[in-house]
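# Fold and contact review
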Amino acid sequence: MNMRLKTLKRHLFFCCSTHCNNQDAEGVMEAFKEELVKHGLHKEVKLNKTSCLGLCGNGVFVLVYPEGVWYYALTPEDVPQIVQEHFIDGDIVEEKVMMKLQA
Ligand code: FES
């Protein structure tokens, strides 16, 4: 197994299909990368691009595992709050959640 995978705590999926990418999905993904490095979390969180997640038209989406949280309508300015409150403090940022997967 890849040693880096053993340190993972979260996996983020960014829809980068045409519609979402027109809303700066790449910019939000870059903001996550920068914020994770800033807090020393970059080895614990894996980021991947996906194709359409089927919820087009609601801004930039990020699907966060293992919680199964779908953040929506994100801008790069939202990212520091999500990293601090969700990833560091353990509190999901409810006002930016569109839905959560059922456990
Ligand atoms: S294009 Fe992003 S959810 Fe459909």
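So, a few notes on the structure that sits alongside this text. Everything numeric here is computed off the predicted structure, so don't read it as measured data.

Right, let's talk about the side chain of Asp78 for a bit. Within the secondary structure layout, Asp78 lies in the loop between β4 (69-74) and α3 (79-88). Asp78 gets classed as buried once you look at its relative accessible area, which sits at 16%. Here Thr75 takes part through its backbone nitrogen, which lies 2.9 Å from a polar atom of the side chain of Asp78. Beyond its immediate sequence surroundings of up to four residues, Asp78 is in contact with Ala73 and Lys96.

Time to look at the nonpolar core. Leu12, Phe14, Phe32 and Phe87 are the most contacted members of the largest nonpolar core, which totals 24 residues. Among the elements of the structure, β1 (10-15), α2 (25-38), β2 (45-50), β3 (60-65), β4 and α3 are those that each provide at least two residues to this core. In terms of residue count, the dominant contributor to this core is α2 (6 residues). Those residues within four positions of Phe87 in sequence are excluded, and the remaining contacts are Arg10, Leu12, Phe32, Leu36, Leu41, Val64 and Ile82. Counting 5 residues, the second largest nonpolar core, distinct from the first, contains Cys15, Cys20, Phe61 and Trp70.

Criteria and thresholds
Residues numbered from 1 in each chain as written. Predicted model: local features only at pLDDT ≥ 70, side-chain atom pairs only at ≥ 80, totals over all residues. Heavy atoms only, no water. Helix = DSSP H or I, 4+ residues; strand = E, 2+ residues; numbered from the N terminus. Buried < 20%, exposed > 50% of the residue type's maximum accessible area, 1.4 Å probe, protein only. Polar contact = N/O pair within 3.5 Å; in protein donor to acceptor, adjacent residues only side chain to side chain. Contact = heavy atoms within 4.5 Å. Core = buried A, V, L, I, M, F, W, Y, C linked by side-chain atoms within 4.5 Å.

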